[in-house]
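Chain by chain, the residues:
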Amino acid sequence: MNTDFINNIGLTHYLVLAALLFVMGMAGVLLRRNVIVLLMSVELMLNSVNLTFVAFSKYLGLIDGHIMVFFVMTIAAAEAAVGLALAVSIFKRFNEVNIRFFEHLKG
Amino acid sequence: MALVILTPFVGFLINGLRYKKHSANLAGTIATIAVGISFICSIILVADLISLPEETRKIAVSFFDWMAIDKLKVSAGFVIDQISAIMILVITGVGTLIHLFSIGYMHHDKGAAKYFSYLNLFIFNMLLLVLGDNLLVMFVGWEGVGLCSYLLIGFWFTDKEKAAAGMKAFVTNRIGDAAFLLGMFVLFLTFGTLNFAELNALAPTTVEASWLGAATLGTLFLFIGATGKSAQIPLYVWLPDAMAGPTPVSALIHAATMVTAGVYMIVRLNPMFMAAPNTMMVIAIIGAATAVFAATIGITQNDIKKVLAYSTVSQLGYMFLACGVGAFGAAMFHLMTHAFFKALMFLGSGSVIHAMHEEQDIRKMGGLKKYLPITHLTFFLGWLAIIGMPPFAGFFSKDEILAYAFNSPLGSPVLWAMGAIGATLTAFYMTRLMALTFWGKSRVPSDIHPHESPALMLIPLIVLGVLSVIGGWIGIPHVIGEYLGHIPNVWEHWLHPLIKPIPGFHHLDAVTEFTLMGISVTLAAISAAVAYHFYVRSPETPNRVAEKIKPIYNVVYHKYFVDEGYFAFIINPLVNISRNTWYYVDVNFIDKMTYLAGDLVRGMGSFARSIQTGNMQQYAMYIGIGVVVALSFVIMR
């Protein structure tokens, strides 16, 4: 198995992958109705951003990107906890986790 | 002095607050007492005034500073001097009599309290007008009497015609008032003050030859204001129509007070007017023209009050003629005597109308002498006074005016001749009025039984009748005074300090003056005799004469079509322009523009509302699109 291309992976590849992941995450946020899937899509977007951070950090030889990733992961974990709690309580109340529920909140 | 001004106002308040009460007696008593107190205070004040030495004969009060803006400093100041003393005596004196008469006349009217409150308010404003020591206070009263005349002329406002007469008076007066304001502005801009005393002191001592000089322009504008208030050409049209109001109102407004405001104002500012010979010329010509013009219309009128109205217009013309030739004293003199006999005649006509059950057409009267002896007698005295028979009041004042018109450097024999023609015509139409109303055969419809008026209405008539006889004796001309044992001319002496002498004026020699008097008296007597012959001896002749000169008669009968002319050339075009402007500019343009703006905002609002769905994913999409647009914008740049 030729492993050459692994050594040849550059910044561009990481960025393209991150972009793909971000677009997939965004599509999920925009299109899916299930709140849980929605949260997962948000995680996907955050992780794609994390990926760019790490990639740039390695490429530039700076530590800043790594530190930022830790922050993002911490906030994402907190956000996931809150989001899941909401999802659970919505499910308990309405027996579904459809995002359409929030339309009832419009003014 | 406060009492003079304020008691009518208090009377107005009392009656105004209980305007729904129907008792004419109570309301009338309150109003009459209010004016009566004012009259007594006026007498006391004037007595005080007389006791002062001649050089400082003036009582001035300043209640408070009204406004002080930059150079414009106006105080609510009031002044009694020789001129306003006469005015307040006439206003409150004749006013009291008219109030008294009104109690009887308005006895059956439901709105009597309202009527009397207006009457009091009118007196209050008139007093403001004559007592104010500056043009602005005068203007307040000037506007106030305009308002009250509107209220009183249109008092029976349920009748459309009467309401329209009120509006006509109001609007015509507003035109004059606009000019009055302009005059005020010009004088203030030039002389920096509105105070009469200061203005008169600042008036140019040399005559102003140009038409556009400050004094000329200012006084011309003021004079236009005066033509509105005092019913002169071209703004006289409101006065005959104003006869629609209750008859005592006609007596009050159109004989004794409001219509004389213009004359009073000119006399008040006489040094300023004297500095503007062009204005004086205009005033004299307008005055003389009005005197003749209105008198000719008076001949053809059939409504008893309209005849008197045109007679008032004509007599006011004499006053302006006097002002125009510089005889301000004579103008004031005629103002006073006219107030006596014209108020008398208006009240007399009120008594006749009352007796005839609201009939005003003199063709349906005649022979009333038998039924209304006292009214007839007093009216008779008024008649002698107005046609200028010696020794009745009108003779002295009118002949003084005519003498001045002939003799003054500002006058001319032409003006005198016009005045004499006016006097002849006056004698004719007043005799006609007397003949058709009181003398000759009765033409009263059989269902009307004329009866003499109650005492309340007769007392004022008698008092005014006496005044019409003796009122002129305080101004007996020198020539006659000499013959009768040196009777002094009290009037001239009294007004002397405030009237600017006419430059280059020489007294007439006795022969000329007697000749002039003789001519005018003879003319008046002949024309009265002719009228008597026409309307009493052979009632058919006037109709035959009218037939013969039908075209001329018709023009005069229709008042020279002046009203129609105003409608055709001024009012209707104005109304049309306004209507077109309203339709094309306002409805089609401005309204549409504003509607468009409204629609635009509302459309934008509803669009924005459609975006706000509450769908979170849509919001997220907008954010996404926004980011893409922003990013691409950044990149493309």
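Residues numbered from 1 in each chain as written. Chains lettered and ligands numbered in written order. Predicted model: local features only at pLDDT ≥ 70, side-chain atom pairs only at ≥ 80, totals over all residues. Heavy atoms only, no water.

K.L.:
With reference to specific residues and values, describe the overall build of chain A.
P.N.:
A tally of regular secondary structure across chain A gives four helices and zero strands. Along chain A, from the amino end to the carboxyl end, the secondary structure elements read α-α-α-α. Since a compact globule built from 107 residues should have a radius of gyration of about 13 Å, the 18 Å found for chain A marks it as more spread out than a globular shape. Along the longest, intermediate and shortest principal axes, the C-alpha atoms of chain A span 55 × 30 × 30 Å. The buried share of chain A, reckoned over its 107 residues, is 22%. The long-range share in chain A, meaning contacts at least 24 apart out of those at least 6 apart in sequence, stands at 53%. Accessible area of chain A: about 7,700 Å², with a carbon and sulfur share of 72%. (Helix = DSSP H or I, 4+ residues; strand = E, 2+ residues; numbered from the N terminus. Rg over C-alpha atoms; globule rule 2.2 N^0.38 Å. Buried < 20%, exposed > 50% of the residue type's maximum accessible area, 1.4 Å probe, protein only. Contact = heavy atoms within 4.5 Å. Areas by Shrake-Rupley, 256 points an atom, 1.4 Å probe, with all protein chains shown as cover.)

K.L.:
If you had to explain the pattern of salt bridges to someone new, which residues and values would you point to?
P.N.:
Residues and elements named next belong to chain B. Within this structure, the stated rule accounts for five salt bridges over all chains. Between Asp241 and Lys168 there is a salt bridge, and its shortest N-O distance comes to 3.1 Å. Placement of Asp241 in helix H9 (residues 238–241) and of Lys168 in helix H6 (residues 160–191) is noted, with a sequence separation of 73 residues between them. Judged by its relative accessible area of 21%, Lys168 falls in the partly exposed class. (Salt bridge = Lys/Arg side-chain N within 4 Å of Asp/Glu carboxyl O.)

K.L.:
Can you lay out the layout of surface pockets for me, pointing to particular residues and giving the numbers?
P.N.:
All names here are of chain B. Its volume calculated, the largest pocket comes out at about 850 Å³. Along its surface, the largest pocket is lined by 33 residues, and Ala164, Ala165, Lys168, Val237 and Asp241 are the ones closest to its centre. It is H6 that contributes the most residues to the lining of the largest pocket, eight residues altogether. Across the lining of the largest pocket, the residue classes tally to 18 nonpolar, four polar and eleven charged. The computed volume of the second largest pocket comes to approximately 570 Å³. As for the second largest pocket, its lining consists of 22 residues, of which Arg432, Tyr535, Pro542, Ala546 and Tyr553 are closest to the centre. Of all the elements in the fold, those that place two or more residues in the lining of the second largest pocket are helix H13 (277–300), helix H18 (413–437), helix H22 (510–537), helix H23 (540–548) and helix H24 (550–557). No other element matches the five residues that H23 contributes to the lining of the second largest pocket. Tallied by class, the residues present in the lining of the second largest pocket amount to 14 nonpolar, four polar and four charged. (1 Å grid on protein atoms, 1.4 Å probe; cavity = no way out; pocket = protein on both sides within 12 Å on 5 of 7 lines; lining within 4 Å. Points joined across faces, edges and corners; volume = space filled by probe spheres on them. Nonpolar A, V, L, I, M, F, W, Y, C, P; charged D, E, K, R; others polar.)

K.L.:
Can you break down helix H25 (residues 562–611) of chain B residue by residue, with the values?
P.N.:
Residue and element names in this part refer to chain B. With 50 residues, H25 ought to run about 74 Å at 1.5 Å a step, and its terminal C-alpha atoms sit 69 Å apart, in line with that. At Ala568, H25 shows its maximal bend, which comes to roughly 40°. Those residues of H25 that sit buried are Val562, Asp563 and Gly565. (Expected span 1.5 Å × (residues − 1). Bend = angle between axes of the 7 residues up to and from the residue.)

K.L.:
Help me get a handle on unusual backbone geometry, residues and values and all.
P.N.:
In this model, B:Ala231 sits at a positive phi of 55°, which is unusual for a non-glycine residue. Looking at the secondary structure, you find B:Ala231 in the loop between helix H8 (214–229) and H9.

K.L.:
Explain the UniProt feature "transmembrane region" (unreviewed entry) in chain A to me, and be specific about the residues and the numbers.
P.N.:
All names here are of chain A. Residues annotated by UniProt as "transmembrane region" (unreviewed entry) correspond here to residues 12–31, 36–56 and 68–91. The distance from the first to the last C-alpha atom of residues 36–56 is 31 Å, and the span holds 100% helix and 0% strand. In residues 68–91, helix accounts for 100% and strand for 0%; the two terminal C-alpha atoms are 34 Å from one another. (UniProt positions renumbered as here; feature names shortened; annotations may be inferred.)

K.L.:
I'd like a rundown of the packing of aromatic side chains, residues and numbers included.
P.N.:
Residues and elements named next belong to chain B. In the structure shown here, the tally under the stated rule is 19 aromatic pairs over all chains. Considering the side-chain rings of Tyr115 and Phe116, the 5.2 Å spacing of their centres and the 80° angle between planes classify their relative orientation as edge-to-face. As far as burial versus exposure is concerned, Tyr115 and Phe116 are alike and both buried. Between the aromatic rings of Tyr583 and Tyr584, the centroid separation amounts to 5.2 Å while the plane-to-plane angle is 85°, which identifies the pairing as edge-to-face. Judged by relative accessible area, which is 40%, Tyr583 ranks as partly exposed. Residue placement shows Arg174 over the ring face of Phe170; its charged tip is 4.2 Å from the ring centre. (Phe/Tyr/Trp six-rings, centres within 6.5 Å; stacked < 30°, edge-to-face > 60°. Lys NZ or Arg CZ within 6 Å of the ring centre and 35° of its normal.)

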